[in-house]
Amino acid sequence: MSQLVDRRLSGKNRSAVNRQRFLRRFKTQIRKAAAEAVSGRKVADLERGEKISIPSKDLSEPIFHHGSGGRRNIVLPGNREFVSGDRVDRPEGGGGGGSGGSPDGEGMDDFVFELSKEEFMEYFFQDLALPDLVKKQLAAVPEVKKARAGFVSQGNPSNLHVVRSMKQAIGRRLAMAAGPRDALREAREQLAELEANGLGASAEADELREEIEALEARVAAVPFLDTWDLRYANRVDQPTPSSQAVMFCLMDVSGSMDADRKNIAKRFFMLLYLFLTQSYERIDVVFIRHHTVAKEVEEDEFFNSRESGGTVASSALELMKDIILERYPSASWNIYAAQASDGDNWDDDSPRCRDLLLQGILPLTQYFAYVEIEAEEPQSLWREYERVQAASRRFAMQRILTLADIYPVFRELFKKKVA
Amino acid sequence: METRPEIERPAPVSQRREPISEGSEWSFELIDRYDREIARVAAHYGLDTYPNQIEIISSEQMIDAYSSVGMPVGYHHWSYGKQFLATQKGYKRGQMGLAYEIVINSNPCIAYLMEENTLPMQALVIAHAAYGHNSFFKGNYLFRTWTDAEGILDYLVFARNFIAECEQRHGEDAVEELLDSCHALMNFGVDRYKRPTRLSMAKEQARQAEREAYLQSQVNDLWRTLPAKQSAGRQQRAPRFPAEPQENLLYFIEKNAPRLEPWQREIVRIVRKIAQYFYPQRQTQVMNEGWATFWHYTLLNHLYDEGKLTDGFMLEFLQSHTNVVYQPPYDSRRYSGINPYALGFAMFTDLRRICEHPTEEDRRWFPELAGSDWVKSLDFAMRNFKDESFIAQYLSPKLIRDFKLFVLVDDDRDEKLEVAAIHDDAGYRAVRQLLAEQYNLGNREPNIQVYAVDVYGDRALTLRHTMHDRRPLGESTPEMLRHVARLWGYTVRIESVDADGDIRFAARSDT
């Protein structure tokens, strides 16, 4: 007799290992495809999986097979018009009409498959790591905090919750004694009635007295506190974000920053944000825009509004420093900053920016990235920042000339530092 | 083509229908009841099967099973991952339905049912896999000779554990490289004529260590005197090695490759054993699928005639069945070779027709079949043939006409293709013979054998490709030689011999 087995719950994902092997083997091709996919689409799309396509020939599994040529007999079904001895032209593309014998000769052009979002991100960030991930980040084990979670009926004596237990006991005592008490009261009333009628010594009264005694004993026997009543405070482990980061986006919105440049800056910020989400559980983003004065704004305003006038970059740095001191103590926050500018700045202001960075901001931050967009030749800010870069490992600067440059620049900025 | 015989038709009990169930939702209880009914009818027709183990799985698990080429337990390799991704993609996009069925040639015979399927589909798969394929596995001579249904599961477990252990000891990359090369040669890792020994895990494990030591000593012995002084006289006297050409490349490598480590030899052996296990399946595709399809059709129709199945059930069943046995014509966009289900089903159905209702033509072509007991004749055909001989023996003129088969000759010395034979009196025999040849694995794959090893020289291995109809080797040859060279450890050459005996150097790969 047949045996019927329900296997649905066992052994899912048996191919997971093989799939991993596949990804591992073709990681170079996949990484390349992932990079192409990134530059080819909107940055906001990054939060989903990706279709990866690899040329089939790269992953062929060769076997010995016949090449074309020689003489072959092919038997085909569905003859309509041929009779023996007919001579027919070869179909286009060699022996296409009859691949009868070996189906392995020709394959599809591309092997296409889906990467999940997580896998895609893995490839995207593979060679990158946040620079100097030194603080709490390295230990990936999340910190836990005990949190209250109601009451349970079993637990450690030290967690005994007295008030709760007593409340529970009251309820139980009331419930358990309710029946006998009613009977007791009734019996007493009857007895009182009998006594009032002068029948206090009758056999009926004695019977009642006995009953009362028994009932009193029953009421008294209800325990004051029973094991059922005990309640314990329940505490559960709750993961706390072991690492939190704040990301400052600084952008020049003076007249010289046009929509295209802002667009490039925006993509850079978004990429940075996405990257941080890989490493941190909680990320605050602070947007600071500036022209001659700096202002903390909402994201919308940050990217969309436009100002005219000159540029004083130090105003943004001042504001950033104030915000850090006020809201983000560097002992508990990982601080990242990205500044985007077209390089325009008042000449007098640039040395001030340098000093602010070196003395005020860089000691507090994990990393400060400066990107200059579309500047034709370096201006004063760039030159001053070059000196900052020479002085600090936490500072990086790059130029972005077109949209397509963003990704390579991004990689360059956050290239894994050899410890 | 209504050919149900009167004797087989159950007495028409006043046309009363008592279906096993209505509705199309399955439950374990219903599957069990259908299975009992199908088993009863299968026994009535004398199908001899291994015990069945029917497993309900989800579609994800079906994709898994698909990707490991139907092995219930497989070692890890990227190519299975590739297969998995391809299947998954196809399934998700709805480009293809999932396996009609997967059934494993083991004892007990494991058949998978997918939970998404409707009840009629489950019944169809049970009839097809658990009774059709199962009886084929148990009865066909190739399976009886080459595979050991008792031992295969144990052996696969042994193989997976051994390879996993090797990965730990020698690194995943080393094992992967080796497996790549072995897989490339898998089709050349079968004995076509020698009987294999039985496989079982206990024996394998016990003997593996012993074999390791022994093999290594043998190999070393072969090469011990090397490199010897090369005197011309000695070379002349030296016997050629191997004394005769060897067709089983992997076997030759396992036993003789000078530089393989013992664990590498064992892996070559594992791949070879698995290739051997699947070899009968590759040789009996048409028969196997045809047999299973014929029986699911016959068994379910029998149940319907008994009134056990509803009309709705039959409609759904027939719709799937019809899709499966459709043969698109050669110029259709859906054409991708001859559909083994279609050809096999048609041949077994036709065999039954010849037995029961032979025409004058059939009596001429199949005098011994016409009028015989069809159950016995089909059983005989199932047991004693493989695709090539089955077609050569049983393809009838009527089927050649039904399929409108014709032969096209593609000769590179001729600028046109020539129609050599069609479905007419003059062509039947040619069509039948050439179609049979098309299923000869020896014709499909180039004939490559180990020809010589330069034992006293640079240890180079020479393969010889014997050309058939002047067909050359494909463009993958240099890559393939690299794989052979990786296993052999020294230079590998391949030469082609044409019909006139002229030897032509084809390619070489140095290590």
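In this text, all values refer to a predicted model and were calculated from it rather than measured experimentally.

> Tell me about the overall build of chain A, residues and numbers included.
Across its full length, chain A holds 11 helices and 13 strands. In chain A, buried positions account for 30% of the 419 residues. Residue pairs in contact within chain A that sit at least 24 positions apart in sequence constitute 82% of those at least 6 positions apart.

> Account for the nonpolar core, naming residues and giving values.
Among the nonpolar cores identified, the biggest contains 107 residues, and Ile38, Ala111, Ile126, Ala127, Leu299, Leu300 and Val431 of chain B are the most heavily contacted of them. Element by element, the count of residues in this core is highest for helix 4 (residues 119-139) of chain B, at 11 residues. Excluding residues within four positions of it along the chain, Ile126 of chain B makes contact with Tyr34, Asp35, Ile38 and Ile54 of chain B. Val286, Leu317, Tyr328 and Ile335 of chain A belong to the second largest nonpolar core, which has 51 residues in total.

> How would you sum up the interface of chain B and chain A? Please name residues and give values.
Listed by partner, the interface residues are 77 residues for chain B and 56 residues for chain A. At eight residues, the largest contribution of residues to the side of chain B that touches chain A is made by helix 3 (residues 78-92) of chain B. Residue classes in the side of chain B that touches chain A are distributed as 37 nonpolar, 18 polar and 22 charged. Across six bridges, strand 3 (residues 71-76) of chain A lies against strand 4 (residues 406-411) of chain B in antiparallel orientation.

> Can you explain the packing of helix 1 (residues 28-44) of chain B against helix 12 (residues 285-305) of chain B? Please cite residues and give values.
Residue and element names in this part refer to chain B. At a minimum axis separation of 10 Å, helix 1 and helix 12 run at an interaxial angle of 105°. Between helix 1 and helix 12, the crossing angle belongs to the class labelled roughly perpendicular. For the pair helix 1 and helix 12, the contacting residues are Glu37, Ile38, Val41 and Ala42 in the first and Leu299, His302 and Leu303 in the second.

> Tell me about the confidence of the model for chain A, residues and numbers included.
Residue-level pLDDT values for chain A average 77, and 79% of them are 70 or greater. Ignoring residues within four places in sequence, the model shows residues 94-108 of chain A, a span with pLDDT below 50, making 28 contacts including any to other chains.

> Just give me the short version of the sheet that holds strand 3 (residues 109-114) of chain B, but keep the residues and values in it.
Across the sheet, four strands lie side by side as 1(A)-1(B)-3(B)-2(B); this open sheet has mixed pairing. In this open sheet, the two strands that pair with only one neighbour each are strand 1 (3-6) of chain A together with strand 2 (102-104) of chain B. Adjacent strand axes in the sheet meet at a mean angle of 20° when their direction is disregarded. By the bridge criterion, six bridges tie strand 1 (residues 52-57) of chain B to strand 3 of chain B in an arrangement that is parallel. Bridge pairing in strand 3 of chain B places Ile57 of chain B opposite Met114 of chain B. Against the sheet, helix 4 of chain B engages strand 1, strand 2 and strand 3 of chain B, with an angle of about 160° to strand 3 of chain B.

> How would you summarise the environment of Asn187 of chain B if you had to cite specific residues and measurements?
Note that Asn187 of chain B resides in the loop between helix 7 (172-184) and helix 8 (201-223). Residue classification places Asn187 of chain B among the buried residues on the basis of 22 C-beta atoms within 10 Å. Residues Asn187 of chain B and Leu441 of chain B lie 254 residues apart in sequence; the distance between their C-alpha atoms is 9.5 Å. Apart from the residues lying within four places of it in its own chain, the contact partners of Asn187 of chain B are Ile63 of chain A together with Glu445 of chain B.

> Kindly report on the sheet that holds strand 7 (residues 461-466) of chain B, identifying the contributing residues and their values.
All names here are of chain B. An order of 6-7-8-9 is seen for the four strands of this open sheet, with the pairing classed as mixed. Only two strands of the sheet have a single neighbouring strand rather than two, namely strand 6 (447-453) and strand 9 (503-509). Neighbouring strand axes in the sheet, compared pairwise and without regard to direction, differ in orientation by 25° on average. Across the sheet, helix 21 (residues 477-488) touches strand 7, strand 8 (492-497) and strand 9, and the angle it forms with strand 9 is around 65°.

Rules used in this analysis
Residues numbered from 1 in each chain as written. Chains lettered and ligands numbered in written order. Predicted model: local features only at pLDDT ≥ 70, side-chain atom pairs only at ≥ 80, totals over all residues. Helix = DSSP H or I, 4+ residues; strand = E, 2+ residues; numbered from the N terminus. Buried ≥ 20, exposed ≤ 12 C-beta atoms within 10 Å, placed from the backbone. Contact = placed C-beta atoms within 7 Å. Core = buried A, V, L, I, M, F, W, Y, C linked by C-beta atoms within 7 Å. Nonpolar A, V, L, I, M, F, W, Y, C, P; charged D, E, K, R; others polar. Pairing = 2+ DSSP bridges. Axes fitted to C-alpha atoms, helices over the stretch in contact; angles between N-to-C directions. Parallel < 35°, antiparallel > 145°, perpendicular 65-115°, else oblique. pLDDT = per-residue confidence, 0-100.

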